[in-house]
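Coordinates in review
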Amino acid sequence: MILYTPMPYEIIMEGFEKSNVNFKEILIDVDLKLIVEPMDNFSAKIIRIISSNPMDYLNPEFQPGKIILFRMH
C-alpha cells in the first residue's frame, strides 16, 4: 500500500496496533463471516465482513461500525 500524505508516519499509524483489542470471528451464514469487537455479552461492533457474495457487502445490516446483538458462547 502506498500512502501519499504530508503528515508524518508516526501520526498516521498511531494506535494502529491495539494490543488490548479482542476481535472475534462469527459465522452468520454458510459463506458470511464477520469480524466483531465484543462490547459486552450481548452486543458487538462489526469490524470487517468476509464473504464471497458481493451482495453481502451492500447489506446495511452488516456494515462495519454497526452494533449487532448476539449471545457469546
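Structure report, in brief. (Residues numbered from 1 in each chain as written. Predicted model: local features only at pLDDT ≥ 70, side-chain atom pairs only at ≥ 80, totals over all residues. Heavy atoms only, no water.)

Counting its regular elements, the protein contains two helices and four strands. The linear arrangement of helices and strands in the protein, starting from the amino end, is α-β-β-β-α-β. Its C-alpha atoms give the protein a radius of gyration of 15 Å, more than 25% over the compact-globule value 11 Å for 73 residues. Considered along the principal axes of its C-alpha atoms, the protein spans approximately 40 × 30 × 15 Å. Within the span of the protein, comprising 73 residues, buried residues form 19% of the whole. Long-range contacts, defined here as pairs at least 24 residues apart, represent 28% of the contacts in the protein between residues at least 6 apart. Carbon together with sulfur atoms contributes 57% to the accessible area of the protein, which is approximately 6,200 Å² in total. (Helix = DSSP H or I, 4+ residues; strand = E, 2+ residues; numbered from the N terminus. Rg over C-alpha atoms; globule rule 2.2 N^0.38 Å. Buried < 20%, exposed > 50% of the residue type's maximum accessible area, 1.4 Å probe, protein only. Contact = heavy atoms within 4.5 Å. Areas by Shrake-Rupley, 256 points an atom, 1.4 Å probe, with all protein chains shown as cover.)

Further remarks concern a nonpolar patch on the surface. There is a patch of nonpolar side chains on the surface, built from Leu3, Met7, Ile11 and Ile12 and spanning about 340 Å² of accessible area. Take Ile12: it is sitting in helix H1 (residues 9–12). Look at Ile12 and you get partly exposed, because its relative accessible area is 31%. (Patch = residues over 30% accessible without salt bridge, like charges linked within 9 Å, V, L, I, M, F, W, Y side chains within 5 Å. Salt bridge = Lys/Arg side-chain N within 4 Å of Asp/Glu carboxyl O.)

Another aspect to go through is the nonpolar core. Formed by Ile26, Leu32, Leu34, Val36, Ala44, Ile46, Ile49, Phe62, Ile68 and Phe70, the largest nonpolar core amounts to 10 residues. Those elements that provide at least two residues to this core are strand S2 (32–38) and strand S3 (43–51). (Core = buried A, V, L, I, M, F, W, Y, C linked by side-chain atoms within 4.5 Å.)

Quick look at the sheet that holds strand S1 (residues 24–27) now. Within a sheet, adjacent strands bond to each other through the backbone by hydrogen bonds, running parallel or antiparallel. Pairing in this open sheet of four strands is antiparallel, and the strands run S1-S2-S3-S4 from one edge to the other. Lying at the two open borders of the sheet, with one neighbouring strand each, are S1 and strand S4 (67–69). This sheet shows a mean twist of 50° between the axes of neighbouring strands, independent of strand direction. Bridge count between S1 and S2: four bridges; the pairing is antiparallel. Residue pairing for S2: Glu25 is matched across the bridge by Ile35. (Pairing = 2+ DSSP bridges. Axes fitted to C-alpha atoms, helices over the stretch in contact; angles between N-to-C directions.)

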